[in-house]
Amino acid sequence: MTTSPPDPGAFFREMLGQWEKMANQFGGQVMKSGEFSRAMQGANAATMNAQNAVHQAMDRALAAANMPSRSEVEDLSARLRGIEDSVARIEALLMAQAGIKPPERPKPSRNRKPPAKTG
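Below you will find a few notes about this structure.

Quick notes on the rules
- Each chain carries its own residue numbering, running from 1 in the direction its sequence is written.
- For a predicted model such as this one, the threshold for reporting local features is a pLDDT of at least 70, and the threshold for listing and counting side-chain atom pairs is 80 or more; totals across whole chains, interfaces and linings nevertheless cover every residue.
- Calculation of side-chain values draws on the structure's entire complement of heavy atoms; hydrogens and water are dropped beforehand.
- For the purposes of this entry, the term helix denotes a DSSP run of H or I that reaches at least four residues, the term strand denotes a run of E that reaches at least two, and both are numbered from the N terminus.
- The reference for a compact globule is 2.2 Å times residues^0.38; the radius of gyration itself is calculated from the C-alpha atoms.
- In the sections that follow, a salt bridge refers to a side-chain nitrogen of Lys or Arg positioned within 4 Å of a carboxyl oxygen of Asp or Glu.
- Two rings belonging to Phe, Tyr or Trp (six-membered ring only in the last case) form a pair when the distance between their centres is within 6.5 Å. Interplanar angles under 30 degrees mark stacking, angles over 60 mark edge-to-face geometry, and anything in between is tilted.
- Burial here depends on accessible area, computed with a 1.4 Å probe over protein chains only, as a share of the maximum for the residue type. Under 20% is buried, over 50% is exposed, and the range in between is partly exposed.
- The definition of a polar contact used here is a pair of N or O atoms within 3.5 Å, where within protein one atom must be able to donate a hydrogen and the other to accept one, and adjacent residues in sequence count solely through side-chain atom pairs.
- Residues enter patches when their relative accessible area tops 30% and they take part in no salt bridge; the joining distance is 9 Å for like charges and 5 Å for the nonpolar side chains Val, Leu, Ile, Met, Phe, Trp and Tyr.
- A 1.4 Å probe and the Shrake-Rupley method give the accessible areas. Residues count as covered only by the protein chains that appear here.
- Expected span of a helix: the number of residues minus one, times 1.5 Å.

Next up on the list: the overall build of the protein chain. The secondary structure content of the protein chain amounts to 3 helices and 0 strands. For the protein chain, the sequential pattern of α-helices and β-strands runs α-α-α. A globule of 119 residues ought to have a C-alpha radius of gyration of about 14 Å, yet the protein chain, at 32 Å, is considerably larger. Reported as C-alpha extents along the three principal axes, the dimensions of the protein chain are approximately 95 × 60 × 30 Å.

Right, let's talk about unusual backbone geometry for a bit. If you check the backbone angles, Asn 66 has positive phi at about 55° while not being a glycine. Residue position: Asn 66 is located in the loop between α2 (34-64) and α3 (70-98).

With respect to the element layout, Ala 96 can be found in helix α3. Sequence separation between Ala 96 and Gln 29 is 67 residues, and the spatial gap between their C-alpha atoms is 71 Å.

This part is about the pattern of salt bridges. Taken as a whole and judged by the stated rule, the model has 3 salt bridges. Salt-bridge contacts for Arg 70 lead to Glu 74; the nearest nitrogen and oxygen are separated by 3.2 Å. Residue Arg 70 and its partner Glu 74 are located together in helix α3, separated by 4 residues, close to a single helical turn.

Using the criterion set out here, one finds 1 aromatic pair in the structure. Where Phe 11 meets Phe 12, the ring centres are 5.5 Å apart and the plane angle is 70°; that geometry is what we call edge-to-face. For the pair Phe 11 and Phe 12, a shared accessibility class is recorded, and that class is exposed.

Within the fold, Ser 69 resides in the loop between α2 and α3. Only 3.1 Å separates the side chain of Ser 69 from the side chain of Ser 71, close enough to count as a polar contact.

On the surface, a nonpolar cluster with roughly 350 Å² of combined accessible area is contributed by Phe 11, Phe 12 and Met 15. You can see Met 15 is positioned in helix α1 (residues 8-32). Taking the relative accessible area as the measure of exposure, Met 15 reaches 43% and is therefore partly exposed.

What follows concerns α1. Taking 1.5 Å of rise per residue, the 25 residues of α1 would be expected to cover 36 Å, and the 38 Å separating its terminal C-alpha atoms lies within 8% of that figure. With 1 of 25 residues buried, α1 is to be regarded as a mostly surface element. Regarding α1, its N-cap is Asp 7, as a side-chain oxygen of that residue lies 3.2 Å from the backbone nitrogen of Gly 9 further along.

Compared with an ideal rise of 1.5 Å per residue, which puts 31 residues at 45 Å, α2 spans 45 Å between its outermost C-alpha atoms and is within 8% of the ideal. Looking one or two places after α2, you find Asn 66, whose phi comes out positive at around 55°.

By themselves, these figures tell us nothing about what the structure is for.
This is how it looks when you write it as structure tokens:
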């Protein structure tokens, strides 16, 4: 009758499992407390205030450097997209009135070869 040697890691795995179980129980109890909720709300409020202060400082720095802020660039981008859409509609109407067929866009090839390099 052969017996396998004892597993030296079994003790540590068991100890780790018990420690994890106790930590989960303790964490669950702590998270249920009102103090924890208030602390988390305070931490979230502090984070939001810090982010707001950074954004305001960045806006002031960009204004001092006579550069647009991120929100201004996003607004300009949206306005430009609207202008491009309007121009495309006007172009399509003019082409339709003139009886010109709009150019077809090239369709992607359906093979497994990469496109040929030009240049």
